[in-house]
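Single-letter residue listing:
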Amino acid sequence: MQNEHQIIAMVYAAKDDSQKADNLIRDYIPFIRSEASKCISRLCTEQDDEFSIAMFAFYEAITGYERGRGTFLSYASMLIRSRIIDYQRKEARHRGNVSLNAETDDEGGTVMDGIADTKDRFSERDDLDATKQEIAELSKVMADFGVSFSDVTDNSPKQERTMQACADAIRYAVENSELLDELLRTKKLPIARLSLGSGVERKTLERHRKYLLVMLLIQTNGYEIIRGHLKQVLRRKERRT
């Protein structure tokens, strides 16, 4: 475990380097999950919405931390707790706003979700390792496409109507695999074909291009855990709306 001086050095290096920020988040997944678990008074798994929120809060801590705010991990812990409490309050008021990234409010989302079976606690460690491996691999592929996890957070739809439009575009791409093939071949989002086929306005797709790019990458081979979780989130949304 790094000492506080090492952690601060890594945090400051990550402020202006999205790849270092992504690496730091992955390294501290056990800490993030532990803090989220404290907030919900039970074991928080990667299938829980609170886990994704804690991930984003940790990234927010990286970008917002200054030495005068005390130790970094204490600052990160405070932000995680604050964001989860905010989420729980919003969820109580606005049922049904579930994003493709596993958040259930209008704050946007992420790609870093995973464990499929939370009932089997004995298999959880293996599931977590597999999820982390998928996240690491996805991060490498995303780098080749010029996007990072922080881009997904910043570029996520903020309104329910826009979130639904993006979901429609993603579904169309999944049903027409040649679009995914084109994405992998050209490393560009096929916006014109996606707009024409899904009926979603091109300007909406353009505005959330990075978010859609990552969501479609997840639909390609190699991300079964993450993809399976997203399917569960979509089913939850359909039941609530």
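Keep in mind that what you see is a predicted model, and the values were worked out from it rather than measured.

Participant: I'm lost on the packing of helix α8 (residues 160–175) against helix α10 (residues 191–198) in this one. Help?
Facilitator: For any two helices packed against each other, one specifies the inter-axial angle together with the distance between the axes. At a closest axis distance of 9 Å, the pairing of α8 and α10 adopts a crossing angle of 100°. As judged from the angle between their axes, α8 and α10 are roughly perpendicular. The segment α8 lies against α10, with D168, A169, Y172 and A173 engaging R193, L194, G197 and S198. Within the contact of α8 with α10, the residues separate by chemical class into four nonpolar, two polar and two charged.

Participant: Any chance you could explain unusual backbone geometry here in plain terms?
Facilitator: Across residues other than glycine, the phi torsion is negative in most instances, and most of the peptide bonds are trans. With a phi angle near 60°, S41 is a residue other than glycine that sits in the positive phi range. For K187, which is not glycine, the phi torsion reads 60° and is therefore positive. Inspection of the secondary structure puts K187 in the loop between α9 (177–186) and α10. Overall, the relative accessible area of 43% leaves K187 in the partly exposed class.

Participant: Looking at this structure, I do not really get the pattern of salt bridges. What am I missing?
Facilitator: Working definition: two side chains of opposite charge can pair if their charged atoms are close together. Within the structure shown, the criterion is met by nine salt bridges. Two residues, E201 and K203, come together in a salt bridge whose shortest N-O distance is 3.8 Å. If you follow the salt bridges from partner to partner, you end up with E60, R83 and D86 in one network.

Scoring rules and cut-offs
Within each chain, residues carry numbers counting from 1 in the order of the written sequence. Thresholds applied to this predicted model are a pLDDT of at least 70 for local features of residues and 80 or more for the giving and counting of side-chain atom pairs; totals over whole chains, interfaces and linings are not thresholded and use all residues. The side-chain values count all of the structure's non-hydrogen atoms but skip hydrogen atoms and water molecules. Angular values range over 0 to 180 degrees, each being the angle between N-to-C directions of two axes fitted as lines to C-alpha atoms, with helices fitted over their stretch in contact. Under the DSSP-based scheme used, a helix requires at least four consecutive residues in state H or I and a strand at least two consecutive residues in state E, with every element numbered from the N terminus. Under this scheme an angle from 65 to 115 degrees is roughly perpendicular, one under 35 degrees roughly parallel, and one over 145 degrees roughly antiparallel; angles in between are oblique. Any two residues having at least one pair of non-hydrogen atoms within 4.5 Å are treated as being in contact. Ten residues, namely Ala, Val, Leu, Ile, Met, Phe, Trp, Tyr, Cys and Pro, are considered nonpolar, four, namely Asp, Glu, Lys and Arg, are considered charged, and the remaining ones, Gly among them, are considered polar. Categorising residues by exposure relies on relative accessible area from a 1.4 Å probe, with only protein chains included: less than 20% of the type maximum marks a residue as buried, more than 50% marks it as exposed, and the intermediate range marks it as partly exposed. Think of a salt bridge as a Lys or Arg side-chain nitrogen and an Asp or Glu carboxyl oxygen that are within 4 Å of each other.

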